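Residue-level structural notes
Spelled out from the first residue to the last, the chains are:
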Amino acid sequence: MSKEEEPVSVEEVRETDPTEKHGNPGSVSQPEPTRWSRLWSSICTRYHNLEETLADLFGLNDSKYQWAIDEYFQQEEEKEHKKKLRAARREQKQREEDGEYTTMEGGKDTAVDGLAPV
């Protein structure tokens, strides 16, 4: 073997490796924050919190078309309520036709289970 082909030892690689001496070359160490940088960070944080609070107070975070969404859901609830009423009336009418209602002494029609017909 010639000198050109000699194997390189791990110690030699560590001595010539720039990352071992100076840390990771891609990372930059952050200096400790000064009093002014901490003050500025505190001011920015408080400003951001104030900004969010005012936006909530004035309704700027609300949906522009929330009224339309609310109206849609209200209409859907009303439709569902009407369907339930129709089903209850159909059921009551079916009971009347089947003879589940009887006439009491006072002449009023009342249901066997105590519910008055509509």
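For the structure, see preceding data.
Throughout this description, residue numbers start from 1 for each chain and increase along the sequence as written. Residues qualify for local features only when their pLDDT is at least 70, as the model is predicted, and side-chain atom pairs are given and counted only at 80 or more; totals for whole chains, interfaces and linings, by contrast, use all residues. No hydrogens and no water enter the side-chain calculation; it runs on all heavy atoms of the structure.

**Overview of the overall build of the protein chain**
Under the scheme used here, helices are H or I runs from DSSP no shorter than 4 residues and strands are E runs no shorter than 2 residues, and both carry numbers assigned from the N terminus. Helix and strand counts for the protein chain come out as four helices and two strands. From first element to last, N terminus to C terminus, the protein chain shows the α and β order α-α-α-α-β-β. Buried residues in the protein chain amount to 3% of all 118 residues. Per element, the accessible surface of the protein chain, about 11,700 Å² overall, is 54% carbon and sulfur. Only protein chains enter the calculation, and the probe is 1.4 Å; a residue is then buried if its accessible area is under 20% of its type maximum, exposed if over 50%, and partly exposed in between. Areas reported as accessible are Shrake-Rupley estimates using a 1.4 Å probe. Residue values count occlusion only from the protein chains shown.

**A word on the packing of aromatic side chains**
Stacked, tilted and edge-to-face are the three classes applied to pairs of Phe, Tyr and Trp rings, where Trp contributes its six-membered ring and a pair requires centres within 6.5 Å; stacked means planes under 30 degrees apart, edge-to-face means over 60, and tilted covers the rest. The tally for this structure, following the rule as stated, stands at one aromatic pair. An angle of 65° between the planes, with centres 5.5 Å apart, marks the rings of Tyr72 and Phe73 as edge-to-face.

**As for helix α4 (residues 66-98)**
Residues that lie three or four places apart on an α-helix share one face, since the helix turns once every 3.6 residues. One less than the residue count of a helix, multiplied by 1.5 Å, gives the span that helix is expected to have. With 33 residues, α4 should reach 48 Å at 1.5 Å per residue; the first-to-last C-alpha distance of 48 Å fits that figure. Gly99, located one to two residues past α4, shows a positive phi value of around 85°.

**Digging into the pattern of salt bridges**
Should a side-chain nitrogen of Lys or Arg be within 4 Å of a carboxyl oxygen of Asp or Glu, the pair is scored as a salt bridge. Tallying each qualifying case throughout the model produces two salt bridges. Its salt-bridge partner being Lys79, residue Glu76 comes within 3.7 Å of it at the nearest N-O pair. One end of the pair is Glu76 and the other is Lys79, both in helix α4 and three residues apart, which spans about a single turn. With relative accessibility at 33%, the residue Glu76 sits in the partly exposed group. Its salt-bridge partner being Glu91, residue Arg95 comes within 2.9 Å of it at the nearest N-O pair. With Arg95 and Glu91 both in helix α4 and four residues apart, this pair spans about one turn of that helix.

Keep in mind that these numbers describe shape and distance, not what the molecule does.
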